[in-house]
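One-letter residues, chain by chain:
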Amino acid sequence: MNTEKVTARRLTAEEVSELGLQDSIFVSAGMDGLPLDCYAPAFLTEPGKKFEGGSFFARTVFGEQVSVLPDNAEEPGIWIADKAGEEIEVLQSAGVLLNLALFVPNGSEESLQSLYSSARDAFGAGVVQRWSEETVAVPDVKVDLYEEPARGRKNTNNQNRDRRALDIYPTRVRFLEPSDGWKFVVEPHKEIVDDTPTI
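All of these numbers come straight from a predicted model, not from anything done at the bench. The written sequence of each chain sets the order in which its residues are numbered from 1. Given that the model is predicted, a residue must reach a pLDDT of at least 70 before its local features are reported, and side-chain atom pairs must reach 80 or more before they are shown or counted; all residues, however, enter totals for whole chains, interfaces and linings. For the side-chain quantities, the full set of heavy atoms in the structure was used; hydrogens and water were omitted.

**Some remarks on the overall build of the chain**
Next, step 1: Regarding its fold elements, the chain presents three helices and ten strands.
Next, step 2: Secondary structure elements are taken from DSSP: a helix is a run of H or I of four residues or more, a strand is a run of E of two residues or more, and numbering for both begins at the N terminus. Going from N to C terminus, the chain has its helices and strands arranged as β-α-β-β-β-β-β-β-α-β-β-α-β.
Next, step 3: When each of the 199 residues of the chain is scored for burial, the buried share is 22%.
Next, step 4: Residue contacts are counted whenever heavy atoms from the two residues lie within 4.5 Å of one another. Restricting the contact set of the chain to residue pairs at least 6 apart, pairs at least 24 apart contribute 58%.
Next, step 5: All accessible areas in this document rest on Shrake-Rupley with a 1.4 Å probe, and a residue is counted as covered only by the protein chains that are shown. Per element, the accessible surface of the chain, about 14,800 Å² overall, is 50% carbon and sulfur. Burial classes: relative accessible area under 20% of the type maximum marks a residue as buried, over 50% as exposed, and values in between as partly exposed (1.4 Å probe, protein chains only).

**What to know about the pattern of salt bridges**
One side chain can pair with another of opposite charge once the charged atoms of both are near each other.
Next, step 1: Criterion for a salt bridge: a side-chain nitrogen of Lys or Arg within 4 Å of a carboxyl oxygen of Asp or Glu. Within the structure shown, the criterion is met by three salt bridges.
Next, step 2: Here R9 ties to E15 by a salt bridge, and the two come within 3.1 Å at their closest N and O atoms.
Next, step 3: Two residues, R9 and D82, come together in a salt bridge whose shortest N-O distance is 2.7 Å. Taken as a pair, R9 in strand β1 (residues 3–10) and D82 in the loop between β6 (79–81) and β7 (86–91) lie far apart in primary sequence, 73 residues in all.
Next, step 4: Looking at R9, the relative accessible area reads 32%, which means it is partly exposed.

**Topic: helix α2 (residues 109–123)**
For an α-helix the count is 3.6 residues per turn, leaving residues at separations of three or four pointing the same way.
Next, step 1: Between its terminal C-alpha atoms α2 stretches 21 Å, which fits the 21 Å expected from 15 residues at 1.5 Å a residue.
Next, step 2: Backbone geometry just downstream of α2 places G124 in the positive-phi region, at approximately 110°. To estimate the expected span of a helix, subtract one from its residue number and multiply by 1.5 Å.

**Description of the confidence of the model for the chain**
Caution is warranted with low-pLDDT regions, since their predicted coordinates should not be read in detail.
Next, step 1: Residue-level confidence of the predictor, termed pLDDT, takes values from 0 up to 100. Per-residue confidence for the chain averages 81 on the pLDDT scale, and 87% of its residues sit at or above 70.
Next, step 2: By mean pLDDT, strand β9 (residues 162–168) is the weakest element of the chain at 66, and β6 is the strongest at 94.

**Quick notes on a nonpolar patch on the surface**
Next, step 1: On the surface, V96, L98, L100, L102 and L115 cluster together into a nonpolar patch covering about 580 Å² of accessible area.
Next, step 2: Inspection of the secondary structure assignment puts L115 in helix α2.
Next, step 3: Overall, the relative accessible area of 38% leaves L115 in the partly exposed class. Distance thresholds for patches are 9 Å for like charges and 5 Å for nonpolar side chains (Val, Leu, Ile, Met, Phe, Trp, Tyr), applied to residues having over 30% relative accessible area and no salt bridge.

**Let's talk about the packing of aromatic side chains**
Next, step 1: Each Phe, Tyr or Trp ring (for Trp, its six-membered ring) is paired with any other whose centre lies within 6.5 Å, and the angle between the two planes then decides the class: stacked below 30 degrees, edge-to-face above 60, tilted in between. If you walk through the whole model with that rule in mind, you get three aromatic pairs.
Next, step 2: One aromatic cluster is present, built from ring pairs that chain together F51, F56 and F57.

Put into structure tokens, the structure is as follows:
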């Protein structure tokens, strides 16, 4: 486990309420219910002034969301870097976890094994692992992907459509997210025919 010593001080609930989303803090590094005797870099999920009751929610750089009561002496609390503080152990980020969805044309067990072997050769046998594998037959079709306002008015003749993405396979749509306030509209792909008269 890679940790580094950081000089920090513990904050009170009143001090945490003055923090914003950009302020870097340290919270308990417990992951998936596994308590770790160290801290993890984190950020508040909302500005401190928006929380009530002395309980704050923070998200660590490892994607864990934790609830903290800073004034509770039995909890690890929330810490902030301060040269006048005390030393705490902070968990370092040792790498990046990639969740990949691969489309393999005419995919077979041999081609998937070849991909896996190539990745292990490039990054190391102890690094590349298959945590879960879902093999899905993908139809050889493409769709047009549009974004529309989530609460659009009816009979607007699609004037609010935006960001047309062509040549998208249906399975890829599952891994995309629409913009805030927009929703996806998926339609069968239509080739654009330029019928502009030419001389």
